[in-house]
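Residue-level listing of the chains:
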Amino acid sequence: MRLILVGPPGAGKGTQAAHLSTEYKIPHISTGDIFRANLKSGTPLGIQAKSFLDSGELVPDSLTNEMVKDRLTHSDTSNGFLLDGFPRNVFQAEVLRELLSAKKTPIDAVLELSITNPEIFTRLSSRRTVDPATGEYYQREDDKREVITRRLEVYKEQTEPIISFYRSEGLLITISALGEIEEISKRAIAAINHKTSE
Ligand code: AMP
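Below or above, wherever it landed, is the structure these notes cover. (Residues numbered from 1 in each chain as written. Predicted model: local features only at pLDDT ≥ 70, side-chain atom pairs only at ≥ 80, totals over all residues. Heavy atoms only, no water.)

### Side note on the pairing of strand β4 (residues 109-114)
Judged by how many residues are buried, β4 sits mostly within the fold: five of six residues are covered. Bridge count for strand β1 (residues 2-6) against β4 is four bridges, and the pairing is parallel. By the bridge assignment, L3 is partnered in β4 with A109. Pairing geometry for β4 and strand β7 (residues 172-176), over five bridges, is parallel. (Buried < 20%, exposed > 50% of the residue type's maximum accessible area, 1.4 Å probe, protein only. Helix = DSSP H or I, 4+ residues; strand = E, 2+ residues; numbered from the N terminus. Pairing = 2+ DSSP bridges.)

### Considerations on unusual backbone geometry
Here the amide bond leading from F86 into P87 is cis, since omega sits at 0°, within 30 degrees of zero. Along the polypeptide, P87 turns up in the loop between β3 (81-84) and α5 (90-102). Although it is not a glycine, K25 adopts a positive phi angle of roughly 55°. Examined against the element boundaries, K25 turns out to sit in the loop between α1 (13-24) and β2 (28-30). Judged by relative accessible area, K25 falls into the exposed class, the value being 71%. Positive phi is not limited to glycine here, since K104 has a value of about 55°.

### Some details on the nonpolar core
As a rule of thumb, soluble globular proteins bury nonpolar side chains together. Ranked by internal contacts, the top residues of the largest apolar core, which has 24 residues, are L20, L111 and L113. For this core, the element with the highest residue contribution is helix α9 (residues 181-196), accounting for five residues. When sequence neighbours within four positions are dropped, the list of residues in contact with L111 reads I4, L5, V6, L20, I173, I175, A188 and I192. V68, F81, I107 and Y155 belong to the second largest nonpolar core, which has 20 residues in total. (Core = buried A, V, L, I, M, F, W, Y, C linked by side-chain atoms within 4.5 Å. Contact = heavy atoms within 4.5 Å.)

### What about the pattern of salt bridges?
Following the criterion strictly, the structure yields 18 salt bridges and no others. In this structure, K50 and D54 form a salt bridge, with 2.5 Å as the shortest nitrogen-oxygen distance. You can see K50 and its partner D54 sitting in helix α3 (residues 44-55), four residues apart, about one turn around the helix. In this structure K50 comes out as partly exposed when scored by relative accessible area, which is 40%. Connected via shared salt-bridge partners are R127, R140, D142, D143 and R151. (Salt bridge = Lys/Arg side-chain N within 4 Å of Asp/Glu carboxyl O.)

### Topic: the side chain of K13
Tracing the backbone shows K13 in helix α1. Put simply, K13 is tucked away with no salt bridge, and the nearest opposite charge, on D84, sits 4.9 Å away. Only 3.4 Å separates the side chain of K13 from the backbone oxygen of P8, close enough to count as a polar contact. Beyond its immediate sequence surroundings of up to four residues, K13 is in contact with L5, V6, G7, P8, D84, G85 and L113. (Lys, Arg positive; Asp, Glu negative; His and termini not counted. Polar contact = N/O pair within 3.5 Å; in protein donor to acceptor, adjacent residues only side chain to side chain.)

### Topic: the site of the ligand
Around the ligand, the surrounding shell holds 17 residues, and the nearest of these are T31, R36, E57, V59 and G85. Here T31 contributes a side-chain N or O atom positioned 2.8 Å from a nitrogen atom of the ligand. Taking R88, its side chain carries an N or O atom lying 3.0 Å from an oxygen atom of the ligand. The fraction of the free accessible surface of the ligand (480 Å²) that becomes covered by protein chains is 96%. If one sorts the elements of the shell around the ligand by residue count, helix α2 (residues 31-40) sits on top with four residues. Here the residues of the shell around the ligand are counted per class, giving six nonpolar, five polar and six charged. (Near = heavy atom within 4 Å. Areas by Shrake-Rupley, 256 points an atom, 1.4 Å probe, with all protein chains shown as cover. Nonpolar A, V, L, I, M, F, W, Y, C, P; charged D, E, K, R; others polar.)

Note that every value here comes from positions in space, so none of it alone points to a role or purpose.
This is how it looks when you write it as structure tokens:
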């Protein structure tokens, strides 16, 4: 199963991705997590990405696309994968389509988590993220109020157009991101199973 998860920051993509990755036994590939891991360990990629992450802007496509291309060559993706946070604009979506079409492994479904802006603000400004290395919780620099505003603008201007892109490809499924985590997961799995059995 090859899946993409789309939705604004704060829609709960990471949380749902973890459930879906277990359900379908596919790796959860979060470009945001990969950038943060690089940033933390001070790699050249992390250093190049830092100012974009901190300000809520998209990291340039050249860096992001290469990183994803490389990740998709790892053997754990041979039975599928779940992309979370990629693609984030139409150019990335086109690059991904070409890459997968060359390998004859197209995307099966794109799940959109739908949520309103006021709900996003409430969620993100109180969100604390766990550091996988130490187990400690911290507030992400980009979960501060002023950066949230910018991330939502970036989502609207650059990422939302991929929703129409995938709708026209016949791959889009939209579910509400409101409610209990377990309930949303059930909704997501039912929608994906329905779509992929069409
Ligand atoms: P996320 O954890 O998905 O909210 O991503 C955090 C930040 O990482 C974003 O605000 C961007 O700066 C960067 N990022 C993640 N995915 C991408 C992507 N596909 N393209 C460009 N920048 C990205």
